[in-house]
Amino acid sequence: MIEFPPGFLWGAATAAHQVEGSNVNSDLWVLEHVQPTLFAEPSLDACDHYHRFRDDIRLLASLGLNTYRFSIEWARIEPERHHFSLAELDHYRRMMATCHEHGILPMVTFYHFSSPRWFAASGGWEKKSNADLFVRYCERAASHFGDLIGMASTFNEPNLPMQLRWISNVDISITTVLRSSRQAAKALGGSCGCFFLGDAFKLQDTMIAAHHRARAALKSGPGEFPVGVNVSLQDEQAVGPKSKRDKKCAEVYDPWLAAAAQSDFLGVQAYTRCRVGKGGDLPPEAGVELTQMGYEFWPEALEPCLRYAAGRVQVPIYVTENGISTEDDTRRIDYIRKALHGMHNCLASGIDVRGYIHWSLFDNFEWIFGYRPKFGLVAVNRQTQERLIKPSAHYLGAIARGNGIPEL
Ligand code: BGC
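Residues numbered from 1 in each chain as written. Predicted model: local features only at pLDDT ≥ 70, side-chain atom pairs only at ≥ 80, totals over all residues. Heavy atoms only, no water.

Trainee: What's the story with the site of the ligand in this structure? I'm lost.
Mentor: Surrounding the ligand, one finds 13 residues, the nearest of these being Gln-18, His-112, Glu-157, Glu-321 and Glu-366. Separating an oxygen atom of the ligand from a side-chain N or O atom of His-112 is a distance of 2.8 Å. Computed on the free molecule, the ligand has an accessible area of 310 Å², of which 92% lies beneath the protein chains in the complex. Tallied by class, the residues present in the shell around the ligand amount to 6 nonpolar, 4 polar and 3 charged. (Near = heavy atom within 4 Å. Polar contact = N/O pair within 3.5 Å; in protein donor to acceptor, adjacent residues only side chain to side chain. Areas by Shrake-Rupley, 256 points an atom, 1.4 Å probe, with all protein chains shown as cover. Nonpolar A, V, L, I, M, F, W, Y, C, P; charged D, E, K, R; others polar.)

Trainee: Would you take a moment to explain the pattern of salt bridges for this structure?
Mentor: It is possible for side chains bearing opposite charge to pair when their charged atoms get close. Using the criterion set out here, one finds 26 salt bridges in the structure. Residues Arg-52 and Asp-48 are paired through a salt bridge, measuring 2.9 Å at the closest nitrogen-oxygen approach. Classification of Arg-52 as partly exposed rests on a relative accessible area of 31%. Because the salt bridges share partners, they merge into one network encompassing Glu-289, Arg-331, Asp-334, Arg-337 and Lys-338. (Salt bridge = Lys/Arg side-chain N within 4 Å of Asp/Glu carboxyl O. Buried < 20%, exposed > 50% of the residue type's maximum accessible area, 1.4 Å probe, protein only.)

Trainee: Quick question: what am I supposed to make of the side chain of Arg-76 here?
Mentor: With respect to the element layout, Arg-76 can be found in helix α4 (residues 74–77). Side chain to side chain, Arg-76 and Glu-20 meet in a polar contact 2.7 Å long. A polar contact is formed between the side chain of Arg-76 and the backbone oxygen of Gly-21, at a distance of 2.7 Å. (Helix = DSSP H or I, 4+ residues; strand = E, 2+ residues; numbered from the N terminus.)

Trainee: Looking at this model, I keep getting lost on the packing of aromatic side chains. Mind explaining?
Mentor: Geometry of an aromatic ring pair is reported as the spacing of the ring centres plus the angle between the planes. According to the stated counting rule, one finds 34 aromatic pairs in the structure shown. Between Trp-125 and Phe-134 the ring centres are 5.5 Å apart and the planes differ by 70 degrees, which places this aromatic pair in the edge-to-face class. Its relative accessible area of 1% is what places Trp-125 among the buried residues. One Lys or Arg, Arg-273, reaches over the ring of Trp-298 and ends 3.8 Å from the middle of that ring. (Phe/Tyr/Trp six-rings, centres within 6.5 Å; stacked < 30°, edge-to-face > 60°. Lys NZ or Arg CZ within 6 Å of the ring centre and 35° of its normal.)

Trainee: What exactly am I supposed to notice about unusual backbone geometry here?
Mentor: Outside of glycine, negative phi angles account for most residues, and trans bonds account for most peptide bonds. For the bond from Gly-221 to Pro-222, the omega torsion is 5 degrees, close enough to zero to count as cis. Here the bond from Trp-359 into Ser-360 is cis, since omega is 15 degrees, no more than 30 degrees from zero. Within the fold, Ser-360 resides in the loop between β10 (353–359) and β11 (378–380). Not every positive phi belongs to a glycine, and Ala-46 is a case in point at roughly 45 degrees.

By themselves, these observations are geometric and do not establish any function.
Right under this line is the structure:
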């Protein structure tokens, strides 16, 4: 048995827009419904997790996991600027209480890609002064349920727009991006300040400032919980000279790792490797197995990502996302096993890793790709909303129960 330290967190993650359903007041709902749209299909009911969270949290606990990472939806909590919904704040309070009833630690993300329509219309993250709006939302939300939060993250992958600047092999027409943002701006009655589409540099400045201020607000109580940020990492492998790869890392990862270094923890989110050549990101290497997302099956990525992060932060690290999109659940089991071995190597060399949260609990709405990619430990029947537990869920659950990986 390969053992993990006592108290290690084992969990699965979701994000509100991807699982709740009917997130009609968010900017992404608008983007899903304009013509032309960047989205393969709209999110609609998603996994109806908004109504089914009690059964879903019970299910997660029954698997043997001890942590549930989920996000709260700003567009529901503050449907109009300065107007907060007590009913929605109560909803998330009930979710956290349900976690505690089942011995599950609620790991709460305050922002996972989606914004209220009014926030996007007013310029979104590109507008510096909008940081105030986010800080106030965090303050108001935490004053309602801070006593029940286990751990909190301000942002999920705020470095994604910067990472997207490097990707050369995504098949999206720039004309569609422009036309759909124009339509969305019209529908929103302002600008289209959506997170996915903003200017990465402007966005980064506003969000780093917002992170530090929101963290300070969350730390002032009620409740006492660590506050961090979840950063998207890839195992960046230089092909040829290292300078381009190093430039990419300095641009995409280091500013947010520096922000995490001044927080209570860092969430590492890693899925694959990326080969970086003279001109930028290279396509997958011929002969390497691909996932449904079109990127390489590369569970070995987790270890170098953790090592890279640990070289830049002294705070505890949690793996807050790691997973694979596949219809073949035996590949998911293999992926988890390999990724966990890499994570264990990090622990053995003294890196302070404290938890592993798998992406995702459910097959869910994978943003512009719709429902086709299957990242879940649990499948969801799209007609009946029935949950179907996959063998990988039992595999990870058994590891969580034993706090170790059985030797092959
Ligand atoms: C995001 C998730 C997403 C996952 C798989 C991460 O970038 O945080 O929302 O579903 O990767 O693509």
